[in-house]
Amino acid sequence: MDIGRILFHLLFTAFFVVANVVFVRAILYRLGLIFNGRPAFFNEDAKKNLNIGFRLKSFFLNVILQKKNFREPVRGIMHAFVFYGFIVYTIHTTSQMIAGVFGYAMEDPYQFALPNFLFGEAANHIYEQAVNYVSILVLTGLGFFAWRRWIKKAKGLDVHSPASAIVISMIATLMVTTLLGNGAKTVAATYYTHAGLIDGAIGKLWESVGVANSSADIVFQIMWWGHIITVFSFMLYVPTSKHAHLIFAPFNYFLATDTPKGQLSKLNLDDENAVWGSNRVEDFPWPNLLDGMSCIECGRCQVECPANRTGKVLNPKAIIVELKHQMLEKMPEVAAARAGKTPEEAAEAVAALDTGVINSHEGLSEEALWGCTTCYACVEACPVGNNQVNAIIEMRRHLVLAESKMSPELQKAFTNMENNSNPWGVGAHTRADWAEGLNVKVLSEAEDKNVDVLYWVGCAGAFDERNKKISRDFVKIMQKADVNFGILGTEEGCSGDSARRGGNEYLYQTLAQTNVDTINGYGIKKIVTACPHCYNTIKNEYPQFGGNFEVIHHSEYINQLSKEGKIDVKVADDANTGKYTYHDSCYIGRYNNNYDNPRDVVKKVSGGKIEEAVDHHSKGLCCGAGGAQYWMEEHVDESNPESMRVNSKRTGQLLDTGATTIATACPFCITMITDGVKAAEKIDSVKVKDIAELVAENID
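The structure presented is a predicted model; accordingly, all values stated were derived computationally and were not measured.

Student: Tell me about the nonpolar core, and please be specific about residues and values.
Tutor: Formed by 156 residues in total, the largest nonpolar core has its most connected members in Ile34, Phe248, Tyr455, Ile477, Tyr557 and Ile558. Those residues in contact with isoleucine 558 that sit more than four places away from it in its chain are Phe474, Ile477, Ile567, Val601, Ile691, Ala692 and Val695. Cys301, Tyr587, Tyr591 and Cys622 belong to the second largest nonpolar core, which has 13 residues in total.

Structure representation (structure tokens):
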């Protein structure tokens, strides 16, 4: 073995060991910080959190198949070029590592090429040609992302991001050194002479600038070293940068649970050591901290957020990024304070630290946290599986339960729920008055308490004058279909959705447990409701309290009755002269994937036609009422030209379709959209109706 080969081997081995040790230690260090966060179990049955089948599916769909990236096809394709390029390059780089470790790279870097070693020279040639084409595709993707960030300056992206420039440059260097090296290899003819289209063309370029057979080998060695040093540099840099998502996003998807999207975590209010919401970084459940490390800072959550789109302070991206920074800065202190202590001593030591996060950054200000409509658009858009809504709810819980900080309007709504079990504060004894004269069975008053379906009316359907009409029309539909149903009347209480999303977990649990006990007392198995918020809460969250029911939204139920021939829905008289559009409710759409049922119902009335708004289905823009926003005053900054009410922006999108009828399937949406139509001075020419009203008007 000559001295050159020995030096090469020692140099490569040093790079190899340092890069891998630093890489692995950086990952383990950050995982240690993450799991110093609060334990997270969203289900009572902890085994559900260990559902390996679900986790493998989540990993396969979202990491391997890049499902969420393809929400935006062009960007998804470009990202796929880069992602799958890395996959293809795995064999290429591994081969280089093996050759370097064994010291043969100076003589023949491809002596240990895995395709050649396993399947022969022909297979290796095919693979190397594939690498050339993949390299071009990766460079295309990199060019697209550079254009979006620095030329187009797309919203949500930081145009002054040195980290992005560094990583794009590194990946581009990997591709370019491979292409140039492969081209030089065809000139040298040392390794094989079967040039392909790309490496052959690059070889001709090398020859045109004076590189001959004798010097091409040196050029190839230079490119080989440039590539391998870039690989090691990439390993040293990435775990400490925002591009750590390459490592932590797969963890995020694999550690996901099969908890329903619409289910928030349940606080154990009987535990004297329970953390009532999160203000300090160590009190956040570890999935929130993992979200921080997974974040690529692409800004897709910011772009989709209805509050941010209408000029509010809230920026979901800033929340997750700041949590990451707080974790990296403060969790080492927490870990050190806990080391070698009993749980009681550790808690006391950590309490003495300054690890609070709320108000430490504009993105985590109280104004920002209260701007969230919990519409789930940010979560739906996030390509790395982050859940910004859960982090916001954790901080709201702290504000309400630990500090009693909330707006006066929200406090009034909470008080009304406590006193009368509805946010309006209307006397609870009047809850069934809307049904007077309709011959509706009230279970507490009926001799025969057996029903096939419990109609859960909800507070809006029982107390809001506009929504009482929807309740009566839905009753008309069920009676026409000869459905054996009943209502709880004054025994029905507020479902608690606004209390839970508003951070008042204590009030929510009181309301929820009371309702569950009442429903179970009647042996009810099937519930239908016209309120998406009640629907989501009873279906996805009441199981936490022993309430396991079949829950159906009225859009699905009406569609089912129509398909079964139990009601005959006619085409409306204005179907040929007018236009219909449909507004997606966040809580039956994004939360529960119910997009087709309400549209099917509207199409029966409209003659099969719906004019879709610019944002629809999973990208539908929120009406602005969710997350307890309905009970709070929405502030508009007159000095900001982008500042406006969320419902005004959404209504504008719906009016832009040219529709003469806007259909909804939510009592809060109908109020918000109606207000928007009035503000646009279109109330005389555009009708806003619930799907139950449309059907009731068009059945015999």
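Student: Residue-level account of the packing of helix H26 (residues 646–655) against helix H27 (residues 667–679), with values.
Tutor: Relative orientation of the contacting elements H26 and H27 amounts to 75 degrees, with a least axis distance of 8 Å. Taken together, H26 and H27 sit at an angle that is classed as roughly perpendicular. Facing H26, whose interface residues are Asn647, Arg650, Thr651, Leu654 and Leu655, H27 presents Met672, Ile673, Asp675, Gly676 and Val677. Across the contact of H26 with H27, the residue classes tally to five nonpolar, three polar and two charged.

Student: Break down unusual backbone geometry for me, citing the residues and quoting the values.
Tutor: One non-glycine residue, threonine 374, lies in positive phi territory at about 50 degrees. Inspection of the secondary structure puts threonine 374 in the loop between helix H15 (366–369) and helix H16 (377–381). In this structure, asparagine 439 takes a positive phi of about 60 degrees despite not being glycine. Within the secondary structure layout, asparagine 439 lies in the loop between helix H18 (408–420) and strand S1 (453–456).

Student: Summarise the sheet that holds S1; cite the residues concerned and give the values.
Tutor: Ordered in space as S2-S1-S3-S4, the four strands form an open sheet in which the pairing is parallel. This sheet does not close on itself; its edge strands, each paired only once, are strand S2 (485–486) and strand S4 (550–553). Relative to S1, helix H20 (residues 465–480) is tilted by about 165 degrees, and along the sheet it contacts S1, S2 and strand S3 (526–529). Packed on one face of the sheet, helix H23 (residues 532–541) meets S1, S3 and S4 and runs near 165 degrees to S4.

Student: Outline the packing of aromatic side chains, supporting the account with residue identities and numerical values.
Tutor: A full pass over the atoms with the stated rule returns 23 aromatic pairs. Between phenylalanine 83 and tyrosine 84, the ring centres sit 5.1 Å apart and the planes meet at 75 degrees, which makes this aromatic pair edge-to-face. On the basis of relative accessibility, which here comes to 18%, the residue phenylalanine 83 falls in the buried class. Judged by relative accessible area, tyrosine 84 falls into the partly exposed class, the value being 31%. Centre to centre, the rings of phenylalanine 144 and tryptophan 147 are 6.0 Å apart; their planes meet at 40 degrees, and the pair counts as tilted. In this pair, phenylalanine 144 and tryptophan 147 are both assigned in helix H5 (residues 121–152), three residues apart and thus about one turn of the helix distant. By relative accessible area, tryptophan 147 is classed as partly exposed at 39%.

Student: So what's going on with the environment of asparagine 548? Which residues, and what values?
Tutor: Looking at the element boundaries, asparagine 548 is found in the loop between H23 and S4. The exposure class assigned to asparagine 548 is exposed, which follows from its relative accessible area of 56%. When the C-alpha positions of asparagine 548 and valine 516 are compared, they lie 8.8 Å apart, and in sequence the two are 32 residues distant.

What counts and how
- Residues numbered from 1 in each chain as written.
- Predicted model: local features only at pLDDT ≥ 70, side-chain atom pairs only at ≥ 80, totals over all residues.
- Heavy atoms only, no water.
- Core = buried A, V, L, I, M, F, W, Y, C linked by side-chain atoms within 4.5 Å.
- Buried < 20%, exposed > 50% of the residue type's maximum accessible area, 1.4 Å probe, protein only.
- Contact = heavy atoms within 4.5 Å.
- Axes fitted to C-alpha atoms, helices over the stretch in contact; angles between N-to-C directions.
- Helix = DSSP H or I, 4+ residues; strand = E, 2+ residues; numbered from the N terminus.
- Parallel < 35°, antiparallel > 145°, perpendicular 65-115°, else oblique.
- Nonpolar A, V, L, I, M, F, W, Y, C, P; charged D, E, K, R; others polar.
- Pairing = 2+ DSSP bridges.
- Phe/Tyr/Trp six-rings, centres within 6.5 Å; stacked < 30°, edge-to-face > 60°.

Note that all results are geometric; they support no functional claim without further evidence.
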